[in-house]
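# Structural features, examined
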Amino acid sequence: MSSSTSTSSSSSRNRQSSRARVLAQTTLDAELNDEYEESGGSFDYSKLVEAQRTAPPLQQGQSEKVIAYLQHIQTGKIIQPFGCLLALDEKSFNVIAFSENASEMLTTVGHEVTSVDNPPRLGIGTNVQSLFTDQGATALHKALGFADVSLLNPILVQCKTSGKPFYAIVHRSTGCLVVDFEPVEPTEFPVTAAGALHSYKLAAKAISKIQSLPGGSMEVLCNTVVKELFDLTGYDRVMAYKFHEDDHGEVFAEITKPGLEPYLGLLYPATDIPQASRFLFMKNKVRMICDCRARSIKVIEDEARPFDISLCGSALRAPHSCHLQYMENMNTIASLVMAVVVNDDEEEDEVESEQPAQHQQKKKLWGLLVCHHESPRYVPFPLRYACEFLAQVFAVHVSKEFELEKQLREKSILRMQTVLSDMLFREASPLTIVSGTPNVMDLVKCDGVALLHGGKVWRLCNAPTESQIHDIALWLSEVHRDSTGLSTDSLHDAGYPGASALGDMICGMAVAKINSKDILFWFRSHTAAEIRWAGAKNDSSDMDDSRKMHPRLSFKAFLEVVKMKSLSWTDYEIDAIHSLQLILRDTLNDAIKPTCEASLDTQIGDLKLDGLAELQAVTSEMIHLMETATVPILAVDVNGLVNGWNQKAAELTGLRIDDAIGRDILSLVEKSSEPVVQRMLYLALQGKEEKEVQFEVKTHGPKVDDVPVILIVNACATRDLHGHVVGVCFVAQDMTVHKLAMDKFTRVERDYMAIIHNPNPLIPPIFGADEFGWCSEWNAAMTKLTGWHRDEMLDKMLLGEVFDSSNASCRLKNKNAFVGLCVLVNSALAGERSEKAPFSFFDRSGKYIECLLSVNRKENEDGLITGVFCFIHVASQELQHTLQVQKASEQKSLKRLKAFSYMRHAITNPLSGMLYSRKALKNTGLNEEQMKQIHVADNCHHQLNKILVDLDQDNITEKCSCLDLEMAEFVLQDVVMAAVSQVLLACQGKGITVSCNMPEIFLKQLVYGDGVRLQQILSDVLFVSVKFSPVGGSVGISSKLTKKSIRGNLHLIDLEIRIKHQGLGVPAELMSQMFEEDSKEKSEEGLALLVSRNLLSLMNGDVRHLREADVSTFILTFELAMGQ
């Protein structure tokens, strides 16, 4: 965890570590496989634990064994008997390999076929088309000629000899084509060409259920998908099996039929699902075993071929004998497993808008959806494909949950870092964040913490003893001398000699070296301590055969493996520790360089001026764009009165700009649209901006007889400088002609060609597909948008050839985008209504197109769905430019926010220097008056720290903000002196005298409340009073104190402080800012008074302002408790 280590090198190191772990795990898999093959039924499963613990480094002999093992897994020459297999030459489509049962299944003459002339014989060299009827042979030939041969799966073929229908499932293997043939069950309705689209209907309910989930819970998502799979497939048990970072697995969600033993919460060692099997799941994402007891079928290959045929992608591939034994031990006869594949690196998921990415995104296996059955079970391909599609949709939502969890974790850690930093700035000692509340244990998940500081050790919760901490520090200085930190999930594996003495309660450790002598430690206990299995058995008579493979033995084996390991430290936890390490170093740095405060003030001032200038420029450009835009733009204030109506809106409605301004927006829209506009306006005024809302606007003047103007509108809340919503801007697109065209198209199909292919620029880009997924429509506007001509797109598969995440005419951004498009198209084919959805792709030249997509079903005169039509909505150039300007403005604001955040961080450094200087001065023999001044400086320092913490608030000017009071005892005199000291320089500049006419009993009174907040209030009010006092004037402070008893020794004090100053007083406009939170603009003084008033309200008080002849007075009232 070196401070100089870059993020990229950290990522590279993580990838190297992952590759090393996979290599070591694959080596162990090969060893276990070799042992199983040699020992057969006497295989001792308990050796797994010892093997994993003591696995030696990879050696030459082991390397050869691993290669042989992988070749055996990939090129196994046996299949399951529920179908047959043919391997074909890529060019001639002649058979080069076949399963032993292929001849019986494909060429046996059936009783249904009356006569067959020259029945075909199956053997090496037979042309595959000769085995099937003309229609099936033609469909198969067409599919085999595709670049992506699996695109049309399943292909329905019929044998010439028997007349039996089969599903042909094609995939490409190294140097050949492999075709699985599965019989169509007599009770099954056979699916014709491109049947994958029809598979969606089977999973439509499950997909809709998943998409309707609110998000925010991985547990709810997993429980939902296993429930839907349970209903969809009919298996006895369905589980969501999740892989952890160290490759061990966990049953994360489960549903079973009554009476089955639950496996929920069970964890398995990584060897239970070998790395080779995980690799195969990445290639073939659905795996079915119909009967683990059935005899496997051999595959006969052409001996003249120079290579063995890989069956990795075949659904028929027979499982390994070790896995079959495992299934039988579980009393599981049949299984269906779907891979859940997600993006490995979220950053690689981002693609530049200007040009398509040239690299493939890296993927990883998140886990598996596993179905078990206690008797033989076969699932037809259409249903398996539906399950695969459901798993893809599930994977998209898993990625979203990952992103949401990541954001919540980062926000939580950032908040805790801020709190710990403020604690350090108040008292520059690491003991503050170890002994205080909260402390460093709240930063990351751990079981104990220790601090080595100045040769002493401080411990929290489950931490090693003091002598053990010193021993660990010595080991770090000897072995990791050049590193500034260390993180490990096993001190034993990291090579620490004293790991065994620590026991299994101290396994993982993360270290932050503050300097050569000071170190902060976090500790974690072993993983097994956190594991609870819902299916654990406590009956001593109920035991497993220790030499068999079974889930509960896998669980016990896992517990043995992790006894010396803790949970792994995640990247975000290491980043949080590293950030705290840097803050600790800055805080404890003895060589503090003096910083010029004036220079810092200048930087902040320049930053504000530059921001205002840029904001004015952006505002001017936005106004000009609104006035000249070719799309209608209208705006209203908080009362719904129109205060913006551009030329395009006037042109469409016939209502002049002058006539529109000041009218109620509801009087300008059709009666049927009033509720829509009211809701849109209500939500926008609360900051919730609706998008793509349709309403109709009345026509006026010369267009009064025209149909209402149909607008598709985005609401944009207009805010003042302080973030208050002061109105709503509606950016619209005129959809009148589009809507009429679409309505006419859906009503009168015979006119659709004239509409779709009309070169009129008002006709939107349209494309379509028939019920089998072939592209059947591509209009002129679509050609103009994409660069692809109609004749190039027709008769291509819409999903796979026209649109895909790779190797398609219009390439999508990523696999998730393709899954989303599949859901839209298939939802329409299933008869569901779909709303406009964001859609983006790369056109022919590589330009990134962002738009909205509407998918509508196409019906014939009988109401049957015959395909889909898709309408693309692209924003006009003016609107795109407006959005770009808005985005640029948001980016500038974000940069300003980051710069401001840096300034806030930079301020803390000189504050630390001032704190250090004052502490040093206190030890130099100061007199009483000098010590008072030091005490005043301390109080001012505390006030500034409080203000810096307030910067985290979204809007500190609102009463509902999270400003709070920190209660403590203080003396009123200290607060008043600190507040007055903050205006003395300003008073000297104007020759103003400050007098404090307060009784001794008031100044010496010990009270209980928030003295820092009271000091902030007094200083702000004094500052305003001095600013609006004439040169040579005076400011006087007086007070009144009233005690009242509540009960017993508990007393409250009502205090009144009057701050009187000469002159005309504070301007009325400024005073109104103090009382009106929703004022459009506020000065710095107005903001200060408003925050002071809000703080006083927390103290059950308020502020008033009296203006008399040549004298004005602020009257502050508040309530405090009397100190003990």
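Only a predicted model underlies this, so the values are computations on that prediction, with no experimental measurement involved.

The rules behind each value
- Residues numbered from 1 in each chain as written.
- Predicted model: local features only at pLDDT ≥ 70, side-chain atom pairs only at ≥ 80, totals over all residues.
- Heavy atoms only, no water.
- Core = buried A, V, L, I, M, F, W, Y, C linked by side-chain atoms within 4.5 Å.
- Buried < 20%, exposed > 50% of the residue type's maximum accessible area, 1.4 Å probe, protein only.
- Helix = DSSP H or I, 4+ residues; strand = E, 2+ residues; numbered from the N terminus.
- Salt bridge = Lys/Arg side-chain N within 4 Å of Asp/Glu carboxyl O.
- Pairing = 2+ DSSP bridges.
- Axes fitted to C-alpha atoms, helices over the stretch in contact; angles between N-to-C directions.
- Contact = heavy atoms within 4.5 Å.
- Parallel < 35°, antiparallel > 145°, perpendicular 65-115°, else oblique.
- Left-handed = near helix turned anticlockwise from the far one by under 90°.
- Nonpolar A, V, L, I, M, F, W, Y, C, P; charged D, E, K, R; others polar.
- 1 Å grid on protein atoms, 1.4 Å probe; cavity = no way out; pocket = protein on both sides within 12 Å on 5 of 7 lines; lining within 4 Å.
- Points joined across faces, edges and corners; volume = space filled by probe spheres on them.

### What to know about the nonpolar core
Note that soluble globular proteins tend to have their nonpolar side chains buried in a common cluster. By size, the foremost hydrophobic cluster in this structure holds 85 residues, and its most contacted members are W778, F803 and F841. Top contributing element to this core by residue count: helix α10 (residues 381–426), with 11 residues. C987, V1007, V1035 and I1059 belong to the second largest nonpolar core, which has 41 residues in total.

### Considering the pattern of salt bridges
In the structure shown here, the tally under the stated rule is 25 salt bridges. The salt bridge involving R656 is made with D659; its shortest N-O contact spans 3.1 Å. Here D659 falls in the partly exposed class, since its relative accessible area comes to 36%. As a salt-bridge pair, E859 and R857 come within 2.7 Å of each other at their nearest N and O atoms. Residue class for E859 comes out partly exposed when judged on its relative accessible area of 33%. Take R857: its relative accessible area is 35%, and that puts it in the partly exposed class.

### Section: the sheet that holds strand β22 (residues 709–719)
Taken in spatial order, the 5 strands make up an open sheet running β20-β19-β23-β22-β21, and their pairing is antiparallel. Of all strands in the sheet, those with a lone pairing partner are β20 (642–645) and β21 (693–697), marking the two edges. For this sheet, the mean angle separating the axes of adjacent strands, direction not counted, is 30 degrees. Taken together, the 9 bridges between β22 and strand β23 (residues 725–734) define a ladder with antiparallel strand orientation. Of the residues in β23, the one forming a bridge with A715 is F730. Strands in contact with helix α20 (residues 674–685) are β19 (633–637), β21, β22 and β23; relative to β23, the strand with the most contacts, it is inclined by about 135 degrees.

### What about the packing of α10 against helix α16 (residues 571–587)?
Look at α10 against α16: their axes get within 11 Å of each other, and the N-to-C directions meet at 15 degrees. Put simply, α10 runs roughly parallel to α16. Here α10 runs over α16; the crossing is right-handed. Contacts between α10 and α16 pair R409, I413, Q417, L420, S421, L424 and F425 from the former with Y572, D575, A576, S579, L580, I583, L584 and T587 from the latter. Here the contact of α10 with α16 is composed, by residue class, of 9 nonpolar, 4 polar and 2 charged.

### Let's talk about the pairing of strand β17 (residues 508–513)
Along β17, 6 of the 6 residues are buried, which leaves the element largely enclosed by surrounding structure. Here β17 shows no split at all, with G508, A510 and A512 on one side and M509, V511 and K513 on the other all buried. As defined by bridge partners, strand β16 (residues 485–488) adjoins β17 across 4 bridges and the pair is classed as antiparallel. Looking across to β17, one finds that S487 is bridged to A510. Sheet analysis places β17 next to strand β18 (residues 519–524), joined by 6 bridges and oriented antiparallel. Among the inter-strand pairings, M509 is bridged to a residue of β18, identified as F523. The turn linking β17 back onto β18 is made up of 5 residues.

### Examining the environment of K1043
By the secondary structure assignment, K1043 is in strand β34 (residues 1034–1047). When the C-alpha positions of K1043 and E1119 are compared, they lie 10.0 Å apart, and in sequence the two are 76 residues distant. Residues contacting K1043, with those up to four places away along its chain left out, are Q1005, L1052, I1053 and M1122.

### Side note on empty space enclosed by the protein
Following the criterion strictly, the structure yields 5 cavities of 30 Å³ or more and no others. Counted as a void, the largest cavity has a volume near 60 Å³. Along its surface, the largest cavity is lined by Q80, P81, I289, D291, C292, A294, S296, P319 and L324. Residues belonging to the lining of the largest cavity are distributed by class as follows: 6 nonpolar, 2 polar and 1 charged.

### Here's the deal with the sheet that holds strand β12 (residues 334–343)
Taken in spatial order, the 6 strands make up an open sheet running β9-β8-β7-β13-β12-β10, and their pairing is antiparallel. Of all strands in the sheet, those bounded by a partner on one side alone are β9 (267–268) and β10 (286–289). As paired elements, strand β8 (residues 249–256) and β9 share 2 bridges and run antiparallel to each other. Paired with G249 across the bridge in β9 is Y268. In this fold α10 packs onto β10, β12 and β13 (363–373), with an angle of close to 40 degrees to the strand it touches most, β12.

### A closer look at the packing of α10 against helix α25 (residues 815–829)
Interaxial distance between α10 and α25 falls to 10 Å at its minimum, and their mutual angle equals 125 degrees. Here α25 runs oblique to α10, going by the angle between their axes. As for the relative orientation of α10 and α25, their crossing is left-handed in sense. Contact with α10, carried on its side by F389, Q392, V393, V396 and S399, involves K815, N816, V819, C822, V823 and N826 of α25 and no other residues of that element.

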